[in-house]
Amino acid sequence: MSLCLKRLVRGHAEALSAVVLALGFAGCTEDEPGTRFEGQAELWIATLDDGTERTRYVLASPLGELGLEFATPPEDLIGGERIVVMGERIVGTGEREENDSIRVDSYQVLERARDGVADMQSALTGNRTRTRLKVAVLMYHWGNQDSLTNASMHEKIFTSQASLRQWYRESSYGLVDIEGDVFGWYKVDKPSSGCGQDAAANARSAARAKGVNLDAYDLWLHYFPRSSCGWSGLATVGRPFRPARNSYYNGASGCVTLAQETMHNLGGAHSRSYDCGNSAFSGSGCTEKTYGDPFDPMGHGCWQTSAFSKATQAWFGKCNSVAVTANGSFDLVPIENPSDGIQMLQVRVKDSLCPTRIGSPCYYYVAYRQRLGNVDGNQPETAQIFKGLQFHVGSAVDFEGGSAIKGPTLLDMTPTSSRGFDDPALEMGKTFTDPAGLKVTLVSSSAASARVKLEFPGGGSGAPRCIDGSNPTGGDGGRDAGDGGPAADAGVPGKDGGSRPTDAGDVPQADAGGSPQADAGDVPQADAGAPGTDGSGVSSDAGDAPQAAEGGCSCRVSSTKERPSTLPAILFLALFAFVMVRPSKPR
């Protein structure tokens with residue numbers, strides 16, 4: 001009996017049951033027609049060679065891996081969740097398991113994939129490693145190996161100053177560390193499809209035959225010489241505290257591919273660009289490019305990941321991010337190094353301006369970058385991103401690492417230049433004015449910090465709020481114009497103000513498949529005009545006197561589809577039936 005039927009029969013079982021049976025359980029989505037399938041949802045994302053992205057949903061079930069075909073792609077289904085799917089199984093004719101699929105009528109999440117939360121009370125400085133990932137790299141071929149040796153791969157992943165390990169340690173402020181081993185080369189049978197992913201199981205068997213205990217490793221990185229897959233990297237999507245295990249590398253072993261695919265394993269999403277022509281940000285006519293962010297490996301650059309991505313990985317704590325809803329000024333410190341200061345500002349965007357793909361609510365995420373550390377420190381001194389503020393637009397963030405996310409979009413604060421998104425920063429003395437009238441000004445900057453002034457239409461209301469629920473301290477605390485009242489709706493960080501205890505141990509393992517990624521997206525639109533003195537939304541009228549400055553792939557799934565409710569009609573008929581069948585009083 002479905003949940004909605006149980007609610008109906010409460011109190012008057014016989015009469016209501018008769019009516020509901022006659023109606024065929026109308027409106028009860030738990031009892032959809034079709035076959036019932038149960039298993040674990042997996043999300044695969046691939047970076048395609050044509051620069052586009054392909055996302056595929058899979059149900060890992062006793063029947064094998066079945067592709068999930070949705071009429072509309074689900075927005076909140078998370079890899080690793082246990083789900084029930086109602087639908088029709090479509091049996092394929094090919095050799096690959098993905099040729100068998102389910103045409104989904106409805107689905108329901110049985111178990112949420114959340115088994116760890118971060119400690120939002122802790123600032124970053126002095127923190128110990130929270131997540132240790134043990135990585136197994138499998139190198140295999142079916143003809144000739146390429147020029148990459150076991151030793152050179154080990155250096156790329158674990159030991160060099162430009163290694164994947166160094167990237168994680170710097171990007172996560174030491175919260176994430178990796179260790180492990182490289183195995184192979186192994187020679188395996190040629191895959192019938194011509195794609196090395198299809199030989200992965202044979203490679204794992206070859207490793208086990210040599211005594212390798214793969215179950216002792218959290219992540220499996222499969223590397224093979226370039227083959228006819230149509231993508232460079234493929235990964236299954238997990239969560240920060242529940243990573244998916246598998247990623248695949250089609251002859252690709254650069255910094256961007258290695259970081260991007262393993263970040264998909266941890267729930268990371270692609271970082272895009274948002275081109276609004278001669279405007280920095282507009283409500284319509286903007287073009288989104290999937291891998292358009294050149295300052296993030298989740299886009300196409302070998303840099304530390306963006307402040308937004310750090311936040312979604314639960315790498316920020318205490319007051320590293322501040323939600324702002326009223327006029328104020330704030331001192332931002334660079335995102336490259338661990339700090340107890342403010343490293344990101346979160347400001348609500350007017351709903352009608354949110355990019356279609358992201359939807360509402362959405363937020364501006366403002367950060368400051370400098371040439372620090374081994375990763376960003378190796379970038380050119382002349383990089384324009386070091387001269388100002390970086391703006392992304394993204395979805396709401398669960399700073400504890402438990403929510404589904406959509407990749408952010410990078411905004412270009414110099415939209416009329418000829419350099420595209422290579423010079424997107426808002427430079428000192430400049431003001432960004434969004435279509436709703438919000439103004440953000442870079443008042444001053446140095447190697448240590450940047451002074452940022454925000455002005456809301458009408459002044460806004462509410463006190464600024466840190467991730468842990470406190471108010472920022474130091475300077476003016478961002479409260480040079482607010483009313484000091486409770487914070488308005490600004491995407492308040494954390495589920496409960498960030499007071500939950502941390503889950504420190506090692507990261508639990510989760511098996512998964514692989515997934516394609518890509519570069520280029522659809523053109524999302526919103527509705528609004530583009531302000532600013534030259535139509536760009538960016539002007540030199542800063543108010544305060546400025547001072548001289550120094551200095552391819554994964555996703556997820558959950559919950560049931562919404563359908564029109566027939567409950568009012570059922571209740572009316574049920575009441576009618578109850579009146580008709582109830583015993584009459586003796587006269």
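In this report, the structure presented in the accompanying data block is examined. Per chain, residue numbering runs from 1 following the sequence as it is written. Given that the model is predicted, a residue must reach a pLDDT of at least 70 before its local features are reported, and side-chain atom pairs must reach 80 or more before they are shown or counted; all residues, however, enter totals for whole chains, interfaces and linings. Water and hydrogen atoms play no part in the side-chain values, which are based on all heavy atoms of the structure.

1. Some details on the side chain of Asp 100
Where we set the bar: Numbered from the N terminus, helices here are DSSP runs of H or I no shorter than four residues, and strands are runs of E no shorter than two. Two N or O atoms count as a polar contact when they lie within 3.5 Å, although within protein this holds only if one can serve as hydrogen donor and the other as acceptor, and sequence-adjacent residues are included solely when both atoms are side-chain atoms.
Among the secondary structure elements, Asp 100 is positioned in the loop between β4 (82–90) and β5 (101–111). Here Arg 89 takes part through its side chain, which lies 3.1 Å from a polar atom of the side chain of Asp 100.

2. Looking at the environment of Trp 185
One can find Trp 185 in strand β7 (residues 176–187). Residues Trp 185 and Ala 207 lie 22 residues apart in sequence; the distance between their C-alpha atoms is 9.6 Å. Reaching out from Trp 185, the side chain makes a polar contact with the backbone oxygen of Leu 148 at a distance of 3.0 Å.

3. Let's talk about the packing of aromatic side chains
Ring pairs (aromatic) are described by centroid distance and by the angle formed between their planes. Under the convention used in this document: Paired rings are identified among Phe, Tyr and Trp, the last through its six-membered ring, by centres lying within 6.5 Å, and are further divided according to the angle between planes into stacked (under 30 degrees), edge-to-face (over 60) and tilted (the rest). For every residue, the accessible area (1.4 Å probe, protein chains only) is compared with the maximum for its type, and the residue is labelled buried under 20%, exposed over 50%, or partly exposed between those bounds.
Tallied over the full model, the rule gives 16 aromatic pairs. The interplanar angle of 45 degrees and the centroid separation of 5.6 Å between the aromatic rings of Tyr 140 and Phe 224 together place this pair among those described as tilted. Here the residue Tyr 140 occupies a position in strand β6 (residues 131–141), and Phe 224 occupies one in strand β8 (residues 219–224), the gap between them amounting to 84 residues. Summarising the burial analysis for this pair, Tyr 140 and Phe 224 share the class buried. Taken together, the aromatic side chains of Tyr 274, Phe 281, Tyr 364, Phe 391 and Phe 432 make up a single cluster linked through ring pairs.

4. A few points about the pattern of salt bridges
Opposite charge on two side chains lets them pair, provided their charged atoms get close. Note the threshold: For this analysis, a salt bridge means a side-chain nitrogen from Lys or Arg found within 4 Å of a carboxyl oxygen belonging to Asp or Glu.
As enumerated under the stated definition, the model contains 14 salt bridges in all. Of the charged contacts, one joins Arg 36 and Glu 38 as a salt bridge, the two residues approaching to 3.2 Å between their closest N and O atoms. By relative accessible area, which is 29% here, Glu 38 ends up partly exposed. A salt bridge links Glu 336 to Arg 369, with the shortest nitrogen-to-oxygen separation between them at 3.6 Å. Here the residue Glu 336 occupies a position in the loop between β14 (328–332) and β15 (344–348), and Arg 369 occupies one in the loop between β16 (362–368) and β17 (388–395), the gap between them amounting to 33 residues. The burial state of Glu 336 is the same as that of Arg 369; both residues are buried.

5. Section: the state of the cysteines
Two cysteines form a disulfide when their sulfur atoms are joined by a covalent bond. Inclusion rule: Our working definition of a disulfide is a cysteine sulfur pair at a distance within 2.5 Å.
For the coordinates displayed, the defined rule picks out 5 disulfides. With its sulfur 2.1 Å from that of its partner, Cys 255 forms a disulfide with Cys 302. Disulfide Cys 255-Cys 302: torsion about the S-S bond near 90 degrees, hence right-handed. Remark: Cys 302 occurs in the loop between β12 (287–289) and α7 (307–312) and Cys 255 occurs in helix α6 (residues 255–265); sequence separation between them is 47 residues. Between the sulfur of Cys 276 and that of Cys 286 lies a disulfide, 2.1 Å long from S to S. Across the S-S bond of Cys 276 and Cys 286 the torsion is about 110 degrees, and the bridge reads as right-handed. With Cys 276 in the loop between β11 (272–275) and β12 and Cys 286 in the loop between β11 and β12, the pair connects residues that are 10 residues apart, well separated along the chain. Just as Cys 276 is buried, Cys 286 falls in that class too.

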